[in-house]
Structure formats: C-alpha cells, structure tokens
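Below, each chain spelled out in residue letters.
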Amino acid sequence: MSDHLMNTYARQPVTFAKGEGVWLWDTEGKRYLDALAGIAVNGLGHAHPGLVAAISEQAGRLIHVSNVYGIAEQARLADKLCQVSGMDKVFLCNSGCEANEAAIKLARLYGHNKGIESPEIIVMERAFHGRTLATLSATGNRKTQAGFEPLVSGFIRVPFDDLEAVKQVAASNPNVVAILLEPIQGEGGINVPKDSEAYFKGLRAVCDERGWLLMLDEVQSGVARTGTWFAFQHTDVIPDVMTLAKGLGSGVPIGACLAHGAAADVFTYGKHGSTFGGNPLASAAGLATLNIIEQEGLLAHAEQLGNWIHHAFAEQLKGVAGVVTIRNAGLMIGIELDRPCGELVKQALEAGLLINVTADKVIRLLPPLIMTEQEAGQVVDILTPLIKRFLA
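All of the points below concern the structure found in this document.

What counts, and where the lines are drawn
- Residues numbered from 1 in each chain as written.
- Predicted model: local features only at pLDDT ≥ 70, side-chain atom pairs only at ≥ 80, totals over all residues.
- Heavy atoms only, no water.
- Helix = DSSP H or I, 4+ residues; strand = E, 2+ residues; numbered from the N terminus.
- Rg over C-alpha atoms; globule rule 2.2 N^0.38 Å.
- Contact = heavy atoms within 4.5 Å.
- Buried < 20%, exposed > 50% of the residue type's maximum accessible area, 1.4 Å probe, protein only.
- Core = buried A, V, L, I, M, F, W, Y, C linked by side-chain atoms within 4.5 Å.
- Salt bridge = Lys/Arg side-chain N within 4 Å of Asp/Glu carboxyl O.
- Expected span 1.5 Å × (residues − 1).
- Arc of directions from axis to C-beta.
- Pairing = 2+ DSSP bridges.
- Axes fitted to C-alpha atoms, helices over the stretch in contact; angles between N-to-C directions.
- Parallel < 35°, antiparallel > 145°, perpendicular 65-115°, else oblique.
- Left-handed = near helix turned anticlockwise from the far one by under 90°.
- Nonpolar A, V, L, I, M, F, W, Y, C, P; charged D, E, K, R; others polar.

Quick word on the overall build of the chain
Then, in step 1: The secondary structure content of the chain amounts to 12 helices and 15 strands.
Then, in step 2: Relative to its length of 392 residues, the chain is compact, with a C-alpha radius of gyration of 21 Å against a globular reference of 21 Å.
Then, in step 3: Taken along its principal axes, the extent of the C-alpha atoms in the chain is 60 × 55 × 45 Å.
Then, in step 4: When contacts within the chain are restricted to residue pairs at least 6 apart in sequence, those whose partners lie at least 24 apart make up 71%.

Overview of the environment of Leu-386
Then, in step 1: By the element assignment, Leu-386 lies in helix α12 (residues 373–391).
Then, in step 2: Since its relative accessible area comes to 7%, Leu-386 is described here as buried.
Then, in step 3: Measuring from C-alpha to C-alpha, the distance between Leu-386 and Gly-29 comes to 23 Å, with 357 residues separating the pair along the chain.

What to know about the nonpolar core
Then, in step 1: Within the largest apolar cluster, 88 residues are counted, with the highest numbers of intra-cluster contacts made by Met-124, Ile-179, Leu-181, Phe-313, Leu-337 and Ile-363.
Then, in step 2: Residue contributions to this core peak at 8 residues, all from α12.
Then, in step 3: Those residues in contact with Leu-337, other than ones at most four positions away along the chain, are Gly-322, Val-323, Val-324, Leu-344, Lys-361, Ile-363, Ile-387, Phe-390 and Leu-391.
Then, in step 4: If you look at the next biggest cluster of nonpolar residues, it comprises 27 residues, including Phe-91, Ala-138, Val-177 and Ala-259.

Focus on the environment of Pro-49
Then, in step 1: For Pro-49, the location among the structural elements is in helix α2 (residues 49–61).
Then, in step 2: Residue classification places Pro-49 among the exposed positions, given a relative accessible area of 61%.
Then, in step 3: Sequence spacing of Pro-49 and Gly-21 is 28 residues, and the spatial spacing of their C-alpha atoms is 9.7 Å.

Structural notes on the pattern of salt bridges
Then, in step 1: Scanning all chains against the criterion turns up 14 salt bridges.
Then, in step 2: The closest approach of N and O atoms between Arg-61 and Glu-73, which form a salt bridge, is 3.3 Å. With Arg-61 in helix α2 and Glu-73 in helix α3 (residues 72–85), this pair connects stretches of sequence that are 12 residues apart.
Then, in step 3: A relative accessible area of 45% places Arg-61 in the partly exposed class.
Then, in step 4: Judged by relative accessible area, which is 9%, Glu-73 ranks as buried.
Then, in step 5: The salt bridge involving Lys-201 is made with Glu-197; its shortest N-O contact spans 3.2 Å. Taken together, the positions of Lys-201 and Glu-197, both in helix α8 (residues 196–210) and 4 residues apart, correspond to about one turn of that helix.
Then, in step 6: One connected set of salt bridges, linked through shared partners, spans Glu-57, Arg-61 and Glu-73.

Structural notes on helix α10 (residues 298–316)
Then, in step 1: An ideal rise of 1.5 Å per residue puts 27 Å on 19 residues; α10 measures up with 26 Å between its terminal C-alpha atoms.
Then, in step 2: All buried positions along α10 are accounted for by Leu-298, Leu-299, Ala-302, Leu-305, Gly-306, Ile-309, Ala-312 and Phe-313. Buried residues in α10, looked at end-on, bunch into an arc of 155°, giving them a common side.
Then, in step 3: Among the structural elements, α9 (280–295), β11 (323–329), β12 (332–337), β15 (362–365) and α12 are those in contact with the buried residues of α10.

Some points on the sheet that holds strand β9 (residues 241–244)
Then, in step 1: Taking strand neighbours across the sheet as the criterion, the 7 strands line up as β4-β10-β9-β8-β7-β5-β6 in an open arrangement whose pairing is mixed. This sheet does not close on itself; its edge strands, each paired only once, are β4 (89–93) and β6 (155–158). Averaged over all pairs of adjacent strands, the angle between their axes in this sheet comes to 20°, without regard to strand direction.
Then, in step 2: Sheet analysis places β4 next to strand β10 (residues 255–259), joined by 5 bridges and oriented antiparallel.

Here we look at the packing of helix α11 (residues 343–350) against α12
Then, in step 1: Remark: α11 packs on α12, axes separated minimally by 10 Å, with the N-to-C direction vectors making an angle of 140°. Taken together, the axes of α11 and α12 lie oblique to each other. The handedness of the crossing between α11 and α12 is right-handed. Together, Glu-343, Leu-344, Gln-347 and Ala-348 of α11 and Leu-386, Ile-387 and Phe-390 of α12 make up the contact between the two elements.
Then, in step 2: Grouping the constituent residues of the contact of α11 with α12 by class yields 5 nonpolar, 1 polar and 1 charged.

Looking at the sheet that holds strand β3 (residues 31–34)
Then, in step 1: Pairing in this open sheet of 4 strands is mixed, and the strands run β1-β2-β3-β13 from one edge to the other. Of all the strands in the sheet, the pair left with one neighbour each is β1 (16–20) and β13 (353–354).
Then, in step 2: The pairing of strand β2 (residues 23–26) with β3 spans 3 bridges and is antiparallel. Bridge pairing in β3 places Trp-25 opposite Arg-31.

Remarks on the packing of α10 against α12
Then, in step 1: At a minimum axis separation of 10 Å, α10 and α12 run at an interaxial angle of 30°. Regarding the angle of α10 to α12, the classification is roughly parallel. For the pair α10 and α12, the sense of crossing is right-handed. Residue-level inspection shows Leu-305, Trp-308, Ile-309, Ala-312, Phe-313 and Gln-316 of α10 in contact with α12, the latter providing Glu-373, Ala-376, Gly-377, Val-379, Val-380, Leu-383, Thr-384 and Lys-388.
Then, in step 2: For the contact of α10 with α12, the residue count by class is 9 nonpolar, 3 polar and 2 charged.

A short note on unusual backbone geometry
Then, in step 1: Note the cis peptide between Glu-149 and Pro-150, where omega equals 0°.
Then, in step 2: Checked against the element boundaries, Pro-150 lands in the loop between α6 (142–145) and β6.
Then, in step 3: In this model, Ile-39 sits at a positive phi of 60°, which is unusual for a non-glycine residue.
Then, in step 4: Structurally, the position occupied by Ile-39 is in helix α1 (residues 37–40).
Then, in step 5: Judged by its relative accessible area of 26%, Ile-39 falls in the partly exposed class.
Then, in step 6: The backbone of Asp-161 shows a phi angle near 60°, a positive value even though the residue is not glycine.

This is the structure in structure tokens:
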C-alpha cells in the first residue's frame, strides 16, 4: 500500500482486483468467497449487471448537480423509500454517520422547538452510530471514543434491551427528546432483543407518552438485510426517524435520514444540507438497488438463507466447547466465542473466505443478499473447521 495513506486501518494483506457475484479475486488471481459484503454494503454482490447498467447509464447522462436545483433521480428514490418504509420524508446524504448526524440534529431542533434549552437523547451501551464527533459520542464503545475527548454532550446511556432503564430515565429527566438505537446492534456483536416486539412496543409507548422521537439506526440492518426492507418491520412499531446507508447504494456512497409524522416537518429551509447528498449518480444506484431487491425476491431469500446458515452452524458446532451462542436476524449472523478471536479473520482469508470479528469475540457474517444455499454451504464448510481448530 502507499506510504502516503494515513494509517487508520489494520488492513489484511490482500488487494482485490475484481469481483463477480459473491466472489472476489485478488491481484495475484486467488479467488475468495465474500461473506462480509463490504460490511453489509454489497447486498447485490459484485458487478451485478442490473446495477452496473444503471450506474453506467446515469454516469453517461449526469453525475452531479447541486441541491439548489431539482434532481429527478433523487425524487424517485425518495418516493420509493417512503413507499417501502411507510415514512413520509427523506433527507439524502453520503454515509451512515451523516444520516445519524442528521437524526441527532433533527432531535435537537425538535427539542428546541418545544422550548427545551438543552435537549438530550437516550442511547444504548455497545451501540455504534459512526465516527464523527456527535455520532462517536452517541456510540457506546469507550475504545472507539478514547483520545477524542471532550465528547459532545447531550447523550444519556442505558443498557440495550432494557426497557426499565429507559423508564427510569424518563421519570427523572425532563430534557430528553428522543431515543436513538439500532434495532439489531451490528458492531456491538449482532445483539438482538430477546423479544423485539415487546421491547419496541414499550419504547414506542414511552415516546408517545413523553412526546419523544423514536429514532432507529438501520444503517446495517436496513435494505433487506434481515428479511424485511427494514428491521423495524418485524414488529408493528413505526419509528419517527430512521437512518440508512451501507446496502442502500450497493457500494456507491449514499445515506438517508427518513422521518414520519411530526418529525418529517422539523427540518425547514437552511436547517440542514449536503453538497453531494442524493446526487444523480448515488440516487440512481439507490433506486436500482431497491428495484433489483424487489425483482429478484431477495427479501424472503435473505430471511430463509440466514436461518439456513444459523441452523447449519448450530449443527456443525453443537457441543463444541468455547462456542457461547449463535444468533442471527436474516443475513446478520454472529457466532460468539468465549475468547477474543480476531486471528480467525486472517486464517479465513488464507482459506479463501472473507469474514469479520467484532466486539472482540463475535465472528460476524454479512453475506451478499444474492448468495445461494450452495455458496452458503461453502462458508460453513470453510469456517467450521477453523473455529474448531482455534478453540481446541
């Protein structure tokens, strides 16, 4: 790699030259099975012909104009996002942390409009919302925050999946204006609420009672990853604000902050903006992604395949000492071990498989939505012996 790149990543010793479907080839010609999808980004795999055609056609017509003008592709994407989500309005940006910044700003403005001078937002332990100063401050990971103090104030942290902790804050803090959380914690280790329906109904009830906004970070869990368009759709609860990125553009940088009801009208002229957000190229990629997911039936496929992978690993690793639990929500799959297991990433790479370890002890799999059962079987066949050998 270049000596002129800042040393911000612990990069694996490989550089990829091309991809097709769920496969990648490095500069030496070695082939790898991609079970990470660029960390839940490449939902359509690599070089999907429909996506390539949409991006190429748009690039040949118009890549970028300023948001001071109308952008037809942006309007079509916003319409589609609201259609599949039930939300009312969309702000388009470039990334997940920008989408979450927009949500945080929206919540603060909402609070100020209600006469609250110092609005506060409840956030969760083990959460990850981004690396800008505000989203870093909302994140529940001291290792990520270390060295960047003073952090942004205005966040109250409670344990994830603990409704009583939220109610205790509600009883004692009149400055709270919103709750921000991931429906499924991705970076935190694929943490799924024990009873999502009850948890989110409880949060919705607290928000309705107090006049708070319920804000869901679906940057990793959204765009068909869990078997519905968005993870909240596994429940009957509708959020006031939802943030997206990662899988929305299938690799073209794009993020979105969606709002519903009263929250949809909080931002007014001049209150927020973005130079690149929702430009014609990014919007065309987002719209093509959503249309292809629909056309290829990838919502149902993601749920079925994710459950198949969970069952396959559960069978293969049954009784193996050191395996704590295996959990999934569609194609968000976590295999938790009883010890740090970061070295498995390199071992899997050497075996021709791309995986990730998060929260030190959780093997995270985020395969492309287009992965077949046969290809998923190869993931299980490669990874299972590596886990057993590592734990032995």
